[in-house]
Amino acid sequence: MKCPGPPEGSRLAFFLENALAREARIWKVPVFQNLALKGTDISLSCYKKAVLWIAEVSSRFQFYPETFALATSILNRLLASVKAQLKYLQCIAISCLVLAAKTNEEDEVIPSVKMLAVQSGCKRSPAEILRMERIILDKLHWDLYTATPMDFLNIFHAMVMSNWPHLLHGLPQMNPSRHVAFLTKQLQHCMACHQLLQFKGSTLALVIITLELERLTPDWFPVITDLLKKAQVNSTEFIHCKELVDQELTCLQPSNAVYIFCSISQAIQGHPKARLPHHDPSELKNSHQVRLRVPVPQPVLAPFTPTTAQIPDDTMETDEYYDGFRHLYSEDGGASGGRVNTGGSCPQLRPGEGSFPCPPLQPPERD
């Protein structure tokens, strides 16, 4: 791995200065009052579902994390500039994502508006989405790009790695790219919280870095103090934001799923009422195993608007961004350029290649 040296440190300071200037010029967020967006019928829960839905669609199309952050920024700026109605919120959300993708993504990666509308479950026609794009551009004076929390997270993380290149050496299977991918998941979770909208992206990103450093090392204070000065973050706002983020991230805990092996005959005899999950025959054609998962109960969000685009709480996995971030830290290991499909699918073994039947997983017996 190659960490930034002194020349890179100067470049990072230059990037931070430019990002702070863009943020000071353009940053604008909606105001919530009485559990709703001020002057509209958009509730807090509807806003959160809209942001999480953008994240889910962005993940489905394997867009960069910066694309989701920019789409959310465009959404916030628009909602702060106009009094939008709830019935148009989904069209606004998908249009913000399309504009962000056109800004950040490569042309061959961006799907057509029709494909995006169909696969995202959006109940809007391509003409409606394109018309909403033009409205957003007009309202924002065709000036879409601003410094997002994701930009600041990348800059601050690179600065920390520059000052403390050995910070992650004591953590197993951890490197800078995996670490920033983990922090990205936390940041995206916080960006859907209306209470944190009052803080600028630079403050939010620095708070997430601070909380992580507190967890990793007792000598975190000097580095954070230096970043506070460089980022020109107000200490009072920083402390308030830190308290809210700490509370918000307590909800972002991995589920403790329990897996127990037992043979098929034992499962049927021990649990007469138990039934194997239904699968389409075509899905089981090349499969020799069935898995049952018993997760700890998690709060389930209601679907945003389309029932085909529900938003699970654990949509964004850390490894989903790892392949993109590792290029930034020279961790390719000779991998070819371009995008890597990180959808989590595993190659299927053909018969005769060492595949063995696996007994089903069953929940533990309850006393």
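Residues numbered from 1 in each chain as written. Predicted model: local features only at pLDDT ≥ 70, side-chain atom pairs only at ≥ 80, totals over all residues. Heavy atoms only, no water.

**Some points on the pattern of salt bridges**
Summed over all chains, the structure comprises eight salt bridges. With a closest N to O distance of 3.0 Å, K242 and E214 form a salt bridge. Of this pair, K242 sits in helix α11 (residues 235-249) while E214 is found in helix α9 (residues 201-216), placing the two residues 28 residues apart along the sequence. In this structure E214 comes out as partly exposed when scored by relative accessible area, which is 29%. Of the charged contacts in the structure, one is a salt bridge between D226 and K230, with a shortest N-O distance of 3.1 Å. Of this pair, D226 and K230 both sit in helix α10 (residues 221-231), separated by four residues, roughly a single helical turn. The partly exposed category is assigned to D226, whose relative accessible area is 30%. The partly exposed category is assigned to K230, whose relative accessible area is 38%. (Salt bridge = Lys/Arg side-chain N within 4 Å of Asp/Glu carboxyl O. Helix = DSSP H or I, 4+ residues; strand = E, 2+ residues; numbered from the N terminus. Buried < 20%, exposed > 50% of the residue type's maximum accessible area, 1.4 Å probe, protein only.)

**Topic: the side chain of T148**
Relative to the helices and strands, T148 is located in the loop between α6 (126-139) and α7 (149-163). When sequence neighbours within four positions are dropped, the list of residues in contact with T148 reads A69, L70 and S73. (Contact = heavy atoms within 4.5 Å.)

**Brief notes about the nonpolar core**
Nonpolar side chains tend toward joint burial in soluble globular proteins. Counting residues in hydrophobic clusters, the biggest one holds 87 residues, and the most contacted among them are I74, L75, F156, L196 and V245. Of all the elements, helix α4 (residues 89-104) adds the most residues to this core, at 11 residues. (Core = buried A, V, L, I, M, F, W, Y, C linked by side-chain atoms within 4.5 Å.)

**Observations concerning the packing of aromatic side chains**
Considering all chains together, one arrives at five aromatic pairs under this definition. Note on F32 and Y47: the rings are 5.3 Å apart at their centroids and 65 degrees apart in plane angle, and the pair reads as edge-to-face. Taken together, the positions of F32 in strand β1 (residues 32-33) and Y47 in helix α2 (residues 44-60) put the pair 15 residues apart, joining distant regions of the chain. With 5.7 Å between their ring centres and 75 degrees between their planes, W220 and F221 make a pair best called edge-to-face. Look at W220 and you get partly exposed, because its relative accessible area is 22%. (Phe/Tyr/Trp six-rings, centres within 6.5 Å; stacked < 30°, edge-to-face > 60°.)

**Here we look at the packing of helix α3 (residues 65-81) against α4**
For the pair α3 and α4, interaxial distance at closest approach is 8 Å and the crossing angle is 130 degrees. Looking at the two axes, α3 sits oblique to α4. Here the hand of the crossing between α3 and α4 comes out right-handed. Seen from α3, the contacting residues are E66, T67, L70, A71, I74, L75 and L78; seen from α4, they are L89, I92, C96, L97, L99, A100, A101, T103 and N104. By residue class, the composition of the contact of α3 with α4 is 12 nonpolar, three polar and one charged. (Axes fitted to C-alpha atoms, helices over the stretch in contact; angles between N-to-C directions. Parallel < 35°, antiparallel > 145°, perpendicular 65-115°, else oblique. Left-handed = near helix turned anticlockwise from the far one by under 90°. Nonpolar A, V, L, I, M, F, W, Y, C, P; charged D, E, K, R; others polar.)

**Observations concerning the side chain of T146**
Here T146 shows up in the loop between α6 and α7. Note on T146: relative accessible area 2%, which makes it buried. When near neighbours in sequence (up to four residues on either side) are disregarded, T146 contacts R22, E23, I26, L70, S73 and D151.

**Here's the deal with the confidence of the model for the protein chain**
Chain-level statistics for the protein chain give a pLDDT mean of 74 and a share of 66% at 70 or above. Across residues 262-303 the pLDDT falls below 50, and counting only partners more than four positions away or on other chains, this stretch makes 49 contacts in the model. (pLDDT = per-residue confidence, 0-100.)

**Section: unusual backbone geometry**
With a phi angle near 65 degrees, L35 is a residue other than glycine that sits in the positive phi range. Within the element layout of this structure, L35 appears in the loop between β1 and β2 (36-37). Residue classification places L35 among the exposed positions, given a relative accessible area of 66%. Phi at Q232 takes a positive value of approximately 55 degrees, unusual for a residue other than glycine. Checked against the element boundaries, Q232 lands in the loop between α10 and α11. Among the residues examined, Q232 registers a relative accessible area of 67% and is labelled exposed.

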